[in-house]
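Secondary and tertiary structure notes
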Amino acid sequence: MYRIKTSSLLRSSYYGAGAITASFFSNNNYKRNANCQPLRSTATDAEIKQIEDISTNPLMKKGSLPLFAEIKSEHILPAVQEDLKALKNNFQDFEAILLNPQMGEAWGQRRVEYDYPSVVEKLEQMQFPLSYSWGVVGHLMGVKNSDDLRKAHDTIQPSVIEVHQKMGQSQALFNAMTALKKRNSIWQDLDETQKRIVNSAIRQMESSGVGLKPELREKFNKLQLEAAELSTKFSNNVLDSTKLFKLELTDPADVAGLPLSAKALAAQTANASSEAKTATAENGPWVITLDMPSYLPAMQHLKSREIREKLYRAYVTRASSGEHDNAPIIQRTLQIKAEMAAMLGYKSFAEKSLSSKMAPSVESVLELINMLQAKSLPAAQRELKELTEFAQSKGLVGPLQLWDVPYWSERLREDLYQYEEEELRAYFPLPTVLQGLFSLANRLFGITIEAADGQVQVWHPDVRFFNIKDDKTGEYIASFFLDPYSRPADKRGGAWMDVCVGKSKVMQRLPVAYLTCNGSPPVGEQPSLMTFREVETLFHEFGHGLQHMLTRVEHGDAAGINNVEWDAVELPSQFMENWCYDKPTLYGFAKHFETGQPLPDELFEKIKAAKNFQAGLAMLRQLFFGSMDMRLHSDLYDPFGKQTPFEVQHELAKQFTVIPPLPEDRFLCSFGHIFAGGYSAGYYSYKWAEVMSADAFAAFEDAGLDDETAVQSTGRRFRETVLAMGGGRHPSDVFRDFRGRDPSPEALLRHSGLLVDAAGKQ
């Protein structure tokens, strides 16, 4: 998942920034942060006095990476307020010059009305200080959440939104942007990337309400502020409701079937909330939570049907009652989006959203979804029939229930492929997986990744830091933080890549990324032993990071993932997942954490054979989510009408599920992608981009995966196109540059085992 909310000149939410040069990493004065507690108000009176002195505020030190060990919640308001004040004043002066471009030294002796450096680059420079401080706040909200941090964030967020509204609705700036495009003497001298940046800025300003009449603009701005507040509240509710649920089990019979690693994690969780700290994997007590490393093994392995049902019902009703109820937030959010889109002249929010994406219309998105549904539904129905018959043959009484599916699916997979997922963990210790991942990056893209722990400050002791260098030149290229483990108390669920620093020639910045996962933490003296799915997730997020870090675009607002059409951002991430099934790649890291022995050949063959196990059910699930998202945000749904979003969910379930959801299912209340992320009317992007990512990997298959020279040559071409061109070129053109043609869905269907020939065979 890519977390950046927007990617052009006029950003209005979380986005990363920070000035840095390669020489920064030679500074060894930065120590690792040993404080792993949530960001709380712990300052003494003396510290508060010091914080009031803005010159000592770590958020104001923008010449380095964020000083995470020093940042306290009390630093946020004074730092952001100072940056807001500076931006307001600078923008006011900027507008005055834009209204009379012949005044001031900023325009030199050139007798032109406007030029690119004096408009676009000047704006980028002005926004930098606030983007730095607010970007840090946004990052900490995801990885080190606390009540004090929330309070500071919520207090200052309206002011941040207000200043971006003023900039986005500035008629002087809009006129300057359009003048750059209208004046041939200027436009013809801009390169392709600069033209895309200007066009994107114009489009974004139009979407920000620059053309609205004053009375409508005031209402539009109030709605935008309300939507931002609701988004934050939605995310907090999911985090709070998830961490509130704890199921303590004391009877060994209740944890029958649970693997030893899961028991150890459950005992570790029990000890974390107990002063006695006497829980053990063998004797308990054991605490199961709704955090994925705890919840998923329980659903897959617990023999107790009653406990699985309790866990499942709790999971699908998260954030749907009491003070954490997201249902009214969902309804109001949909109403706001529809109302704002109508004010801008669109039929629906989906139509507005697609105006900046690859997909030309709602109809084209639904066409893709329905085409893939027609391919996957028959397969899903066959898979359910096979699963039901298997479960009943093993003693299941009555129909297969939703909480039975993970358990019996795991038993069927074990029966078909003769291995247990748990036995794979020993071959995937995180340190070794990282070595293999970095080796693959070197092989494909010609880069070297080196650990640089201790060179920068981090927000948790588990966080690591790495530098990237180009093999050919030895030049430093980029860096990234890696936050690998789940922390239910203060870290939101899921996995994502976010921007810490974006590449920019104007700001003299090189890219730095945040890679955040919620993988299985180390237990006792053992390292983190990953599930195969966690390995795939790490490769996925690293793919996002590669596009951010290996960009060759030097214009900040189109470097990396900035300005990339949203339905193309998942191309490099999903592309990287394919390498988990490539034998040379997997054997580069699949080694037993105790003996160092490689994964047995027969296990690798079984992993490959199981790749498309229940592929129909998996694809149908993703199509269900994408269909719900598009339906709720298009004119096919009236958020002011009588039908609720949950009724839409159950209506679409008839088309996209083979077991209907429970009547009380409130999955939408935790669907953060579309209600607290950047995927509103864009969840289909996973499948849209997967068509391209599968076809991109097919280029390596066509070249020959056993031909190392061809693999490296194709990898370098992928780097120089998909990873290098960022938002400076349209994704369709970038794909054609790499593949030599437009993408075809054939590779996706083939990789998923859903390509059926004329004889009806897969």
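An account of the accompanying structure is given in this report. These numbers come from a predicted model, not from an experiment.

Cut-off values and rules
- Per chain, the residues get numbers from 1 upward, laid out in the order the sequence is written.
- Only residues with pLDDT of 70 or above have their local features reported here, since the model is predicted, and side-chain atom pairs are shown and tallied only from 80 upward, although totals for entire chains, interfaces and linings are computed over all residues.
- As a rule here, side-chain values come from all non-hydrogen atoms in the structure, and water together with hydrogens is ignored.
- Should DSSP find at least two bridges between two strands, the strands are regarded as paired.
- A run of H or I in DSSP becomes a helix once it reaches four residues, and a run of E becomes a strand once it reaches two; helices and strands are each numbered from the N terminus.
- For every element, the axis is a line fit to its C-alpha atoms; helices are fit only across the contacting stretch, and the angle between N-to-C directions ranges from 0 to 180 degrees.
- The contact rule is simple, with two residues in contact once any of their heavy atoms fall within 4.5 Å.
- For the exposure calls, accessible area comes from a 1.4 Å probe over protein chains only, and a residue counts as buried if that area is under 20% of its type's maximum, exposed if over 50%, partly exposed in between.
- Cysteine sulfur atoms are paired as a disulfide whenever they come within 2.5 Å of each other.
- We define a salt bridge as a contact between a side-chain nitrogen of Lys or Arg and a carboxyl oxygen of Asp or Glu at a distance within 4 Å.

Some details on the sheet that holds strand β3 (residues 447-451)
An order of β3-β4-β5-β7-β6 is seen for the 5 strands of this open sheet, with the pairing classed as mixed. Only two strands of the sheet have a single partner each, and these edge strands are β3 and β6 (496-501). In this sheet, neighbouring strand axes are inclined to one another by 25° on average, regardless of whether the strands run parallel or antiparallel. Direction of pairing for β3 relative to strand β4 (residues 464-470): antiparallel, over a ladder of 5 bridges. Each residue of the ladder has a partner; that of A451, found in β4, is F466. Relative to β3, helix α17 (residues 430-445) is tilted by about 155°, and along the sheet it contacts β3, β4 and β5 (476-485).

Re the pairing of β4
Counting buried positions over the 7 residues of β4 gives 5, a clear majority of the element. Here β4 folds back onto β5 in antiparallel fashion, the turn holding 5 residues, of which G474 has a positive phi close to 75°.

So, unusual backbone geometry
Excluding glycine, a negative phi dihedral is what most residues carry, and trans is how most peptide bonds are arranged. In this structure, the amide linkage connecting G284 to the following residue, P285, adopts the cis form with an omega of -5°. With a phi close to 55°, A319 is a non-glycine residue in the positive phi region. With respect to the helices, strands and loops of the structure, A319 is situated in the loop between α11 (305-315) and α12 (327-343). Taking relative accessible area as the criterion, A319 reaches 3% and is therefore assigned buried. With a phi angle near 55°, A681 is a residue other than glycine that sits in the positive phi range. Locating A681 in the fold gives a position in the loop between α24 (672-675) and α25 (685-703).

A few points about the state of the cysteines
As enumerated under the stated definition, the model contains 0 disulfides in all. Of the cysteine sulfurs around C500, a residue in no disulfide, the closest is that of C517, at 17 Å. Taking the relative accessible area as the measure of exposure, C500 reaches 2% and is therefore buried. The structure places no disulfide on C517, whose sulfur is separated from the nearest cysteine sulfur, that of C580, by 12 Å. Residue C517 is classed as buried on the basis of its relative accessible area of 7%.

A look at the pattern of salt bridges
One pass over the structure, following the stated rule, counts 40 salt bridges. One salt bridge in this structure joins R413 and E410, with 2.5 Å as the shortest N-O distance. Residue R413 and its partner E410 are both found in helix α15 (residues 405-417); the two are separated by 3 residues, about one turn of the helix. Through salt bridges with shared partners, a single ionic network connects D483, R487, D490 and K491.

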